[in-house]
Amino acid sequence: MPDACDLVVLISGAGSNLQALIDSLGNRNPARIRAVISNRADAYGLQRARQAGIETRVLQPRDYPDRDGFDDALADLIDGYSPDLVVLAGFMRILGPAFVRRYNGRLLNIHPSLLPKYKGLDTHRRALEAGDSEHGCSVHFVTEELDGGPLALQAVVPILAGEGLENLAQRVHEQEHLIYPLAVRWFAEGRLRLGAQGAMLDGTPLPATGQLIRI
Ligand SMILES: Nc1nc2c(c(=O)[nH]1)N[C@@H](CN(C=O)c1ccc(C(=O)N[C@@H](CCC(=O)O)C(=O)O)cc1)CN2
Ligand SMILES: NCC(=O)N[C@@H]1O[C@H](COP(=O)([O-])[O-])[C@@H](O)[C@H]1O
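Residues numbered from 1 in each chain as written. Chains lettered and ligands numbered in written order. Predicted model: local features only at pLDDT ≥ 70, side-chain atom pairs only at ≥ 80, totals over all residues. Heavy atoms only, no water.

Asker: Residue-level account of the site of ligand 1, with values.
Answerer: Contacts to ligand 1 come from 18 residues, most closely from Arg67, Arg93, Leu95, His111 and Asp147. Isoleucine 94 places a polar main-chain atom, nitrogen or oxygen, 2.9 Å from an oxygen atom of ligand 1. Residue threonine 143 places a main-chain N or O atom 3.0 Å away from a nitrogen atom belonging to ligand 1. Computed on the free molecule, ligand 1 has an accessible area of 710 Å², of which 78% lies beneath the protein chains in the complex. Residues that form the shell around ligand 1 fall into these classes: nine nonpolar, four polar and five charged. Looking at the shell around ligand 1, you find at least three residues from each of domain 1 (1-103) and domain 2 (112-138 + 145-179 + 191-215). (Near = heavy atom within 4 Å. Polar contact = N/O pair within 3.5 Å; in protein donor to acceptor, adjacent residues only side chain to side chain. Areas by Shrake-Rupley, 256 points an atom, 1.4 Å probe, with all protein chains shown as cover. Nonpolar A, V, L, I, M, F, W, Y, C, P; charged D, E, K, R; others polar. Domains from an automatic or database assignment.)

As structure tokens, this is what we get:
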């Protein structure tokens, strides 16, 4: 059994991806969540963490003079837990270059699109308005380039004829809750790593799409 892999999870909102990670731990997943940190005090994910007995902390940007000050305080807080991996789970802050360098290779994010399509926000609406036939979600290593980091895992979600935004978002969310725990487990098992040429699985470079899952 691999040694435990300590996680710190960063959230800003509902925390359904956090809940999926919590539910995935134990059994065959050697990861354990040491703390959940939110940049919003009203994030429902904080309640989910407390219900699971996980330590929670809140760090609010308004308490810092600028973005770098917030990032530095966040990194100092994170380092107090000595994580092997920092997991962004709906964390809605763009992190600065110094922060990203500090956690290079140990920082994952889940994004609600098939990257590199639709970086940024409002991805489901953009996919629907473009008339795309498929959408999805991506787990990627975080780099300075927003949503541009090496892809580890993607799930493709076909867009149904006449489907509305809420229904699509729900179906993408369902796939997020499958691929994020899987990617975190692969990292915890030592299988998923960020190499010089991009994401690696079992020592083999992954394709540009990362490992692709079609539902
Ligand atoms: N340097 C990086 N930081 C972050 C990345 C990344 O890839 N590189 N991923 C994001 C997550 N994300 C999309 O997946 C994302 C989060 C936030 C924003 C954004 O525009 N945030 C605004 C504030 C929005 C708000 O407070 O509601 C901001 O930071 O000014 C875009 C994309 C996490 N960080
Ligand atoms: N650009 C970042 C972004 O949009 N992330 C998205 O925020 C949601 C958080 O939901 P959750 O709080 O229920 O996990 C998720 O759908 C995640 O992909």
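Asker: Please give an account of the site of ligand 2 that cites residues and values.
Answerer: Taken together, Ala14, Gly15, Ser16, Asn17, Gly90, Met92, Ile110, His111, Pro112, Gly120, His173 and Glu176 are the residues near ligand 2. Within the backbone of alanine 14, an N or O atom sits 3.5 Å from an oxygen atom of ligand 2. If ligand 2 stood free it would expose 440 Å²; the protein chains cover 86% of that surface. Mapped onto the shell around ligand 2, the elements with two or more residues apiece are helix 1 (16-24), strand 5 (107-111) and helix 6 (165-188). Its residues assigned to classes, the shell around ligand 2 shows four nonpolar, seven polar and one charged. Three or more residues apiece are contributed to the shell around ligand 2 by two domains, here domain 1 (1-103) and domain 2 (112-138 + 145-179 + 191-215). (Helix = DSSP H or I, 4+ residues; strand = E, 2+ residues; numbered from the N terminus.)

Just distances and angles here, no functional claims.
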